[in-house]
Amino acid sequence: MRRQNTDRQEIRGLTLKSIWQAGLLLAGLAIFVFITFSVSRLLEARSQAGSMQEIKLRAEEKKEWSGSQLSPLHRIPLNDEFNQKIVPAAPEALPFSTRYSCEPCHSYSTISQGTHFNYRNRPAVDRRTEPWFLVDDRAGVQLPVSFQKHPGFWSPEQLGLSDWKFVTLFARNLSGGGPGEPAEDGHTPDSRWNVSGRLEINCLGCHHRSPLQDHSEWVKQVMRENFRWAATAASGLGEVVGMASRLPSTWSIADGPNPDDREWAVVPQVRYNRNFFDSRNNAVLELPRPEDDRCLACHSVVPRQAKSRAGVDRDVHLLAGLKCVDCHRNDLSHEMVRGFEGERLTRSSLNSYDFTCAGCHLGQKPEKGGKGFAGKLGAPRPAHRGIPKVHFERLACTVCHSGLLPEKETQAVYTSRANRLGIFGKAIWTLEYPLIMEPVFVREADKKLYPERMMWPAFWAELRDGEPVPVDSQEILAAAPEVFNLKENVASLLNALIPLAEEGFYPAVIISEYLFEPDVDGGLKARVLEKSPLAGKSARSKFLLVQLKNGEVRPLLPGFDPDDPPPGIEDKILNVLQNLKPLARGRQPVFLVGKYVYGINDGYLDKAERSGEQAPGPEICFQEGEEFQPFLSDFQLRNLEALGPGPEVLTEEQVTLVLKKMAETNPGRKFAYVASGFVFSLDKNGKLTAGEHRAARAVTWPLAHNVRPAQQALGKNGCTDCHSPNSKIFFGKIEASSPLQTSHRDSRLQADLMKTGPLFQFLFGFTFLVRPAFKLVLAACLLVMGLLLLAVIIRLTGRVSGISGDSSDPESRS
Amino acid sequence: MIFGITSFVLIIALSLRLTFGRFLSRLPEDQRKVSVENFKAYVKWITGWKLSFLKLERWDHCLDYLIAWGRKNYLGWTVWVFYALVLSYVYLALSGMFFAWFVPRGLYGFPLLLHVAAGALFAISLTIVFFIKARVYLPEKLRLKTEGQQKGGFWCPLLRKSFPRIYLEALAFWVFVLAGFLLAASTLGSMLPYFNYPAQIFFFHLHRWSALTSVLSACLAIDVMIVE
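Residues numbered from 1 in each chain as written. Chains lettered and ligands numbered in written order. Predicted model: local features only at pLDDT ≥ 70, side-chain atom pairs only at ≥ 80, totals over all residues. Heavy atoms only, no water.

**Q** Could you give an account of the pattern of salt bridges, naming the residues involved and the relevant values?
**A** Residue and element names in this part refer to chain A. The final tally for this structure, using the stated rule, is 26 salt bridges over all chains. A salt bridge links arginine 209 to glutamate 286; the shortest N-O distance between them is 3.3 Å. Of the two residues, arginine 209 sits in the loop between helix H7 (203–207) and helix H8 (215–223) while glutamate 286 sits in strand S6 (residues 282–286), which places them 77 residues apart along the sequence. On the basis of relative accessible area, glutamate 286 is assigned to the partly exposed category, the value being 38%. Here glutamate 735 makes a salt bridge to lysine 733, at a shortest N to O gap of 3.7 Å. (Salt bridge = Lys/Arg side-chain N within 4 Å of Asp/Glu carboxyl O. Helix = DSSP H or I, 4+ residues; strand = E, 2+ residues; numbered from the N terminus. Buried < 20%, exposed > 50% of the residue type's maximum accessible area, 1.4 Å probe, protein only.)

Take a look at the structure:
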């Protein structure tokens, strides 16, 4: 039998040995393919380092929290974006990557869903937060941009802002992640992610307790498009030189430095500070819960009228020793507790109600039978004596306790994110725009009043089926540069006159009662003169060139006898005329004095006798043909006078000119300018008209800080803090602020936003004038009724007890 | 919710009870019992056109009757106090109950302003009425009058007997005064800057339950005091 089987196997050419060999071969082949495949995947992963794809590293499966209250000192290897350990002494060390440095212990993908990173996919139940602002103060644009879908907020998609554009505009206050780490398919033609690298979550931006951690450095680096280097530079672990923004878009990190260019297009490079590393090249980092300064870099608000930091009060919770993160907590999900009532956390393990005002100060509503105790974090339990309960049903706590105290008009504030506060350097980073006001009291969908901040969007728009669709401000600026560059042009003209100024003085111009002087940014700053030589209607369309030094004002143009000019004066005039030549737009700059005209001829000063009447004093003009045109045109004078020292940057005349220009260059399209609550467009006669549209309406978002001390809460002085015929709460004026100087401004009373009606509030406030008398009357009535009731009770008690009664009653005697 | 339902049920129940008692008192004494026949007759009587308040003249008649009753029971200038009491009370009760039943937010806006103003008038007029009428309803005075007022009292079909009307008048008067006192006290208390939030809640509930008591006593007073 065995013989037969062996024969069959031999016939088939198969033996057990050959099967065994074939099996081994196949197994070896499979192992080879598996190893090759794994290695190639690992290599591919490295080459795509930083992508959104989750890469399983050597992550230790650890508990999220050890149970200790201590924040450990981190002695950790820092890895670069290729997951290679950084050796600080290496000459071409790369910046560290938080994705690969922090991931081994803290899930990067979990954290990246946190509030500060996951802008795009926040829960829909989220309350409005301060939007980002697309600002162009030359074009008069202040446009709220947000990933949140609320009326008045424009999404980046609606504005055509790619992730790249969004990050380059707003990275100064981004914490990284989210739009800073787009997926491969999210790359747009305008993006330069391969040059800049991705803007990873900057863990150290919040957690790094080091005096070297520097928000301003972060801003500087991201403005240079040094995204992958920004966290390293801002942490102080290393210094970064070079600018990715100057590198060609074909450059990638693999190309390394460019030895041929060490002046301009310098490749960003890190020089690590080795003092922050131990002998095994592990970084030594202190990474506790974030300090307040880290939060305030992006979340502080100050009134514009504050002259110094000393004039600004801090939040009462900070003064009590709390930190921002004591209330605004998060677990590993980094879903921050924002602390408003009704907040729903979707990923956090925390109970949001515990961290609302009521959660700490009242506990779990013991009045309603809830369990628990008030006084979380030492919060005092408020008595709220004499305040009717309707206030607690219809008002958020913040109405009385937070924000600036209401005045007759709303107050302008700067916010960190909108106005670029907290960035220090040689340049002045703070922006005047957007113009944000507070407090306004708005009734929200839950029927409660909230104190909020407000701003009116301003933007150039194309009207499509009557709907204003924002137009890129660069397109508008390019269409009518001479209209927009009003202040810049005048500043350039004034700067050209510097040779005529005495030593230490600089040129300026007086128009009407305003003095205009060039500022360091190439624009003009204006101030009101106490006593102007050109005040009054008779001085309209006139100007006076002057020179300034420490508040001293002198005439700029020297008076001299042109027949016997003092030495050096003609050189000065030549210099000035040469300076003015490029600014003259084809005209000839000339200096008039007496009967003479100084001009430039072949680069030399030419002095010619002037025909006609002679100038009353020295004057600088532009000559076009035989005509002498003034140094400043009527357009410039008119508009500068209209703008004055106010915050506005555009006049109605400028808007009209721009809209006409846009209509000429874009036939068939209709344009408008949205500002101060109105849509400005041209009518059939070419006149500017203002119309209403929901896109022009003000946008608001709730404010919560700064919380004032209880002694400064509204109502502390009694009901008349709010309820009076001239109440600032109800009758405070809200007037639209915008870049446009116009009489068409959205104007309303606080009571309008509260939806309570000003007439009712006036009458209701009026009742508080007679309320003391009302209380006295009630008290008197109660006294009389009480005494009568007492008398009856005493009488009844006496009769029942037999103490008092009819003395003739024989029963009572017995 | 509890207040809304309770107040609605109590007011309707008392009104039905009073009108049913009044209906029975019109019947011969041997027919005064709770029966299906009597109930059917009562429904027919109460919904009949003759008593309907859908007729304007019915309102006129009631107003005339009230004015005449006031003149009869209040001498001189005090009748104006009574009218002020009635007018202010009618507005207070209607506005308060309407908003309590139908508006979740409660009383607000211009009705609230009028409610506050009417409240002041009510407090003053009630104090004066109390001052001049308290002696009428003192316990010893009741004992002196009971013998003459045994007839035509408040018919109780379960006990099959009439209660002396003067007792019910006194009950209505004292409960109305006491409720009015609590209404004024709770109003004043909530306006004074001495009471904290739980106290405010207490005053609020005291006010509305006192108001309900007041309305019930007023219903009783209308039946036993005013309407013959």
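**Q** Tell me what's going on with the sheet that holds strand S21 (residues 619–624) of chain A, and back it up with residues and numbers.
**A** Strands in a sheet are paired, the pairing made by backbone hydrogen bonds, and the direction either parallel or antiparallel. All names here are of chain A. Pairing is antiparallel across the open sheet formed by five strands, whose spatial order is S20-S19-S18-S21-S22. What marks the edges here is a single partner per strand, and that holds for strand S20 (604–609) and strand S22 (627–630). Adjacent strand axes in the sheet meet at a mean angle of 40 degrees, parallel and antiparallel pairs treated alike. Two strands pair when backbone bridges link them, and S21 and S22 are joined in this way by four bridges, in the antiparallel orientation. Looking across to S22, one finds that cysteine 621 is bridged to proline 630. Running over the sheet, helix H20 (residues 569–580) touches strand S18 (588–593), strand S19 (596–601), S20 and S21 and is turned about 60 degrees from S19. (Pairing = 2+ DSSP bridges. Axes fitted to C-alpha atoms, helices over the stretch in contact; angles between N-to-C directions. Contact = heavy atoms within 4.5 Å.)

**Q** How would you sum up the environment of arginine 304 of chain A? Please name residues and give values.
**A** Residue and element names in this part refer to chain A. Of note, arginine 304 is situated in the loop between strand S7 (301–303) and helix H11 (316–319). Ignoring sequence-local partners within four residues, the contact set of arginine 304 consists of Ala412, Val413, Tyr414, Asn419, Glu432, Pro434, Leu435 and Ile436. A polar atom in the side chain of arginine 304 sits 3.0 Å from the backbone oxygen of proline 434. (Polar contact = N/O pair within 3.5 Å; in protein donor to acceptor, adjacent residues only side chain to side chain.)

**Q** Give me the lowdown on a nonpolar patch on the surface, citing residues and values where you can.
**A** On the surface, Met1, Ile5, Phe8, Val9, Ile12 and Leu16 of chain B cluster together into a nonpolar patch covering about 630 Å² of accessible area. Note on placement: leucine 16 of chain B falls in helix H1 (residues 2–25). (Patch = residues over 30% accessible without salt bridge, like charges linked within 9 Å, V, L, I, M, F, W, Y side chains within 5 Å. Areas by Shrake-Rupley, 256 points an atom, 1.4 Å probe, with all protein chains shown as cover.)

**Q** Quick one: what's the story with the interface of chain A and chain B, residue by residue and with numbers?
**A** Each side of the interface is counted separately: chain A has 32 residues, and chain B has 37 residues. Buried surface at the junction of chain A and chain B, summed over both partners, amounts to about 3300 Å²; 79% is from carbon and sulfur atoms. Run the count over chain A and chain B and you get zero salt bridges. Listing elements by their share of the side of chain A that touches chain B, those giving two or more residues are helix H14 (390–394) and helix H25 (758–801) of chain A. With 22 residues, H25 of chain A is the largest single contributor of residues to the side of chain A that touches chain B. Tallied by class, the residues present in the side of chain A that touches chain B amount to 20 nonpolar, four polar and eight charged. (Buried area = accessible area lost by both parts, 1.4 Å probe. Nonpolar A, V, L, I, M, F, W, Y, C, P; charged D, E, K, R; others polar.)

**Q** Residues and numbers for the environment of alanine 461 of chain A, please.
**A** Residues and elements named next belong to chain A. Mapping alanine 461 onto the fold places it in strand S11 (residues 459–464). Classification of alanine 461 as buried rests on a relative accessible area of 1%. In the structure, alanine 461 is positioned 304 residues away from glycine 765 in sequence and 43 Å away in space, judged by C-alpha atoms. Not counting chain neighbours up to four residues away, the residues in contact with alanine 461 comprise Pro468, Val469, Pro470, Val471, Lys670, Phe671 and Ala672.

**Q** Can you lay out the state of the cysteines for me, pointing to particular residues and giving the numbers?
**A** Residues and elements named next belong to chain A. Per the counting criterion, the structure on display carries zero disulfides over all chains. Of all cysteine sulfurs in the structure, the one in cysteine 400 sits closest to cysteine 722, which takes part in no disulfide; the separation is 5.7 Å. Judged by relative accessible area, which is 14%, cysteine 722 ranks as buried. (Disulfide = S-S within 2.5 Å.)

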